[in-house]
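# A closer look at the structure
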There are 2 protein chains.
Amino acid sequence: MSGCGTERGLISVDEALELIIKQPKKLGSINQVLQNSLSRYLAKEIYSEINLPSFSQSAVDGYALCSHAEDLNNQKFQVTGEIRAGSESHDVLNEGQAIRIFTGGKIPEGTTHVARQEIVEVVSAKEISLTEHIRPQADIRFTGEEIKNGQLLAQVGQFLNIGSLAALSMAGVQTVDVYRAPKVAVLVTGDEVAEKAEDLAEGKIFDANGPLLKAWFEDYGLEIELIHVADDAEQVTHYFNELKDSYDVIITTGGVSVGDYDFVRPCAFETGFEQIFWKVKQKPGKPLFFAEYSHTEKDHRCYLLGLPGNPAAVYVSMQVYGKALLDTLQGNSAEPEWFSAILDHDLKEDARERFLRMHAYFDNGQLKVKSLAKQQSHMLSNLMQANCLVRIPASVKLEAGHILKGIFISN
Amino acid sequence: MSGCGTERGLISVDEALELIIKQPKKLGSINQVLQNSLSRYLAKEIYSEINLPSFSQSAVDGYALCSHAEDLNNQKFQVTGEIRAGSESHDVLNEGQAIRIFTGGKIPEGTTHVARQEIVEVVSAKEISLTEHIRPQADIRFTGEEIKNGQLLAQVGQFLNIGSLAALSMAGVQTVDVYRAPKVAVLVTGDEVAEKAEDLAEGKIFDANGPLLKAWFEDYGLEIELIHVADDAEQVTHYFNELKDSYDVIITTGGVSVGDYDFVRPCAFETGFEQIFWKVKQKPGKPLFFAEYSHTEKDHRCYLLGLPGNPAAVYVSMQVYGKALLDTLQGNSAEPEWFSAILDHDLKEDARERFLRMHAYFDNGQLKVKSLAKQQSHMLSNLMQANCLVRIPASVKLEAGHILKGIFISN
């Protein structure tokens, strides 16, 4: 499709991304159990309702001591009891007394020092002495030293990954307000899908787009409705009508170009969608289509992302625009997390901005990227080796060493 | 725990990783539906059983032409029919004839050129001419140009991410031999887990390790058995006996140090586990324990990864060692994918190698890392900001600009 980047009316990748990120209205929020909220975004900030640690505790297995002497090493301590992690203790230490304590055990009243067991000598059944000097505050975790009661724990928009979910659990957070997960339907259009090898002889092909989108959403953490539709205006219109009022997002593949059988746009307009943009000056994925349907009485919107039919265009569009749209609906209007990397070799120019599948590798603190063969939009096999998508600006011949933006795609 | 990095018998992080990667025996493989195999590793290479494309097809919406003239632009072509993607066609083109063809449509016999519709002028209902010059091979995707029948598609060990799964689908692959998913049980030990805020007054704490491990495995793509156990030798022994013959991996948290209530190692030995290593010269996570149980008659092995109880140690150990173990069992004996990055500021030294939670950012092709506050092993709150774990070598004071290894943890 040489030369068609010069076509009029195309918007740039950055313009398309901005419309995807700015235009959609956030979904509402729901309150749900924290443990079921992996990969969601917080819709309401969280303040801690406890101190962390919530009581002063030992950082080691050892002894809590009470001594106001200058030099503890000349002293013998009488052992009066034992405190385990999780056990309630009302012991009080007096001068010259010690108590056996384990990591996480609650520091008893009267404690001046904690001595880890490695520097303690057991003199007799009930008596210990120290073999090294210790500082008064060492090996104690003090109440509230990490988090104070009332302190901000997490902000609106916080992504609930493994670490943040664990940190909130530790602060006793049981439920969270998160943006509702978008309800998504995927329509794979096309008459050309083969069920078995024999169909190939008749001009059909095996379906990559269905499995690709199923896997993409499994990885993103959303269940979807996946529907195969023939290249038939009546059927496409039927599904748009059926889905637009109960789904937040419809994703279509194919049928979005200017061919005589490209039904997606006409059917979208017929069923009340309004175009936000069509056609992006990029490769792959030029005919990308984005539209919105709005039911004002119900305060409901449905966004239609019409992807081209070529599987590489589907792949790139989902990684770049699909993720941005779904994140935006969940309150996180952010661009993809572009890395910056150093081009490993020269690159020919092209009239359109390209997303090339590349291999990124680290070299002494520098990220370098190397292109892979078989970049055409109907080819996917280089995704076995690719670990990133790299943006190649339009209409410039690039030399090795040029700095480029990209995203990692290893999973 | 100042100074305890000098303890004898500790192995290094690299030694521990090598034992985790080299020692375990790979699990068996199973044949399963490709579409259900996201995040698994291939156990058998795959050769293509078809050409890709499997027939020569148009790369554009336009016309297939037959002309042996020197200059096609002086010629008019008679349009004889239409070929859509997925439709069977037995048309044959003769000199001076053209056929309307759509992207993915099968190129008819006799075709010499394909002209995209943008450069075609429709002269009359059945006649077209060209407005630009075209090359004979342009805009045709030739049979087998991406993959030849019989060609290697994917190697043993290939990770089935979104892209590789889609690429295999496109080649008509329906089922794959993958390493069996490890069967994993998680035992969270400790008497100190609080159910509600009132329990905190009694020396208990909210559980971070259970939710952390649940989320970790959800993200990794494995369902697990999660069990809470009291600090009680009888109970721990009971579970080891119950689990060792039917699970591939047991992960424990807590009870693995040298305190009087650290039951994990004695109970492991009592139930037939043999130590592979214990104690790693690292922070957090020094008491890390790794052991193997082997039932030779049944050719079954169970690996026990005993994590310390501190949640930061659990988090780091899973990202570094837990992932390596699970990947190794699935045939992928690889170290974590270390990035190399540039330290943003000076760092104090420590007797043990440290994994610091840091924020990584790109700066003109360089990856830079900046440390976060609150790194102690009982603290997790900086995981709200952290996006990587960085290895800080032991016993050296580092200056800004030093190159460090790390892994990304954004999800």
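Since this is a predicted model, take the numbers as computed values, not measurements.

## What to know about the pattern of salt bridges
Using the criterion set out here, one finds 26 salt bridges over all chains in the structure. Two residues, Glu18(B) and Lys22(B), come together in a salt bridge whose shortest N-O distance is 3.4 Å. On the criterion of helical spacing, the pair formed by Glu18(B) and Lys22(B) is a turn pair, its members being four residues apart in helix H1 (residues 13-22). On the basis of relative accessibility, which here comes to 60%, the residue Lys22(B) falls in the exposed class. Of the charged contacts in the structure, one is a salt bridge between Glu292(B) and Arg301(B), with a shortest N-O distance of 3.2 Å. Residue Glu292(B) is classed as buried on the basis of its relative accessible area, which comes to 17%. One continuous salt-bridge network, built from bridges that share partners, spans Lys25(A), Glu292(A), Asp299(A) and Arg301(A).

## A short note on the sheet that holds strand E16 (residues 224-229) of chain A
All names here are of chain A. Pairing is mixed in the open sheet, where six strands are placed in the order E16-E13-E17-E21-E20-E18. Each edge of the open sheet is held by one strand with a lone partner, namely E16 and strand E18 (274-278). Each adjacent strand pair in this sheet contributes to an overall mean axis angle of 15°, direction not counted. In terms of strand pairing, strand E17 (residues 249-253) meets strand E21 (residues 300-307) through five bridges, oriented parallel. Considered in E21, the bridge of Val249 is made with Tyr303. In this fold helix H4 (residues 233-243) packs onto strand E13 (184-189), E16, E17 and E21, with an angle of close to 160° to the strand it touches most, E16.

## Some details on the domain arrangement of chain A
Quite often, the size of an interface is put as the accessible area lost when its parts meet. Here chain A is described as being made up of domain 1 (4-28 + 181-329), domain 2 (32-49 + 150-179), domain 3 (57-141) and domain 4 (339-408). For domain 1 of chain A and domain 3 of chain A, the distance between their C-alpha centroids amounts to 66 Å.

## Some remarks on the packing of helix H3 (residues 209-220) of chain A against helix H2 (residues 162-170) of chain B
One can describe the packing of H3(A) onto H2(B) by two numbers: an axis separation of 8 Å at closest approach and a directional angle of 160°. Taken together, the axes of H3(A) and H2(B) are roughly antiparallel relative to one another. Both H3(A) and H2(B) take part in a crossing whose hand is right-handed. On H2(B), the residues touching Pro211(A), Leu212(A), Ala215(A), Trp216(A) and Asp219(A) of H3(A) are Ile162(B), Leu165(B), Ala166(B) and Ser169(B). Residue composition of the contact of H3(A) with H2(B), by class: seven nonpolar, one polar and one charged.

## Brief notes about the relation of the copies chain A and chain B
With an axial shift of 0.0 Å and an RMSD of 0.1 Å, the rotation relating chain A to chain B amounts to 180°. Taken together, the rotation and translation relating the two chain copies correspond to the operation of a two-fold axis. Closest approach to the rotation axis among the C-alpha atoms of chain A is made by Gln366(A), whose C-alpha sits 2.3 Å away. Interface overlap between copies is the fraction of interface residues in one copy that are interface residues in the other; for chain A against chain B it reaches 100%, indicating a shared surface.

## Digging into the packing of aromatic side chains
A full pass over the atoms with the stated rule returns 25 aromatic pairs over all chains. With a centroid separation of 5.3 Å and an interplanar angle of 10°, the aromatic rings of Trp216(A) and Tyr220(A) are classed as stacked. Of this pair, Trp216(A) and Tyr220(A) both sit in helix H3, four residues apart, roughly one helical turn. On the accessibility criterion, Tyr220(A) (12% relative accessible area) is buried. Ring geometry for Phe339(B) against Phe408(B): centres 4.7 Å apart, planes inclined by 45°, an arrangement best described as tilted. Of this pair, Phe339(B) sits in strand E22 (residues 339-343) while Phe408(B) sits in strand E26 (residues 403-408); the two residues are 69 residues apart in sequence, bridging distant segments of the chain. Since its relative accessible area comes to 2%, Phe339(B) is described here as buried. By relative accessible area, Phe408(B) is classed as partly exposed at 35%. Three or more aromatic residues joined by ring pairs form one cluster here, namely Phe339(A), Phe362(A), Phe408(A), Phe339(B), Phe362(B) and Phe408(B). The ring of Tyr261(B) has Arg84(A) lying over it, and the distance from NZ or CZ to the ring centre is 3.5 Å. Sitting over the face of the ring of Trp278(B), Lys279(B) holds its NZ or CZ atom 4.5 Å from the ring centroid.

Scoring rules and cut-offs
Residues numbered from 1 in each chain as written. Chains lettered and ligands numbered in written order. Predicted model: local features only at pLDDT ≥ 70, side-chain atom pairs only at ≥ 80, totals over all residues. Heavy atoms only, no water. Salt bridge = Lys/Arg side-chain N within 4 Å of Asp/Glu carboxyl O. Helix = DSSP H or I, 4+ residues; strand = E, 2+ residues; numbered from the N terminus. Buried < 20%, exposed > 50% of the residue type's maximum accessible area, 1.4 Å probe, protein only. Pairing = 2+ DSSP bridges. Axes fitted to C-alpha atoms, helices over the stretch in contact; angles between N-to-C directions. Contact = heavy atoms within 4.5 Å. Domains from an automatic or database assignment. Parallel < 35°, antiparallel > 145°, perpendicular 65-115°, else oblique. Left-handed = near helix turned anticlockwise from the far one by under 90°. Nonpolar A, V, L, I, M, F, W, Y, C, P; charged D, E, K, R; others polar. Least-squares fit on C-alpha atoms with pLDDT ≥ 70 in both. Phe/Tyr/Trp six-rings, centres within 6.5 Å; stacked < 30°, edge-to-face > 60°. Lys NZ or Arg CZ within 6 Å of the ring centre and 35° of its normal.

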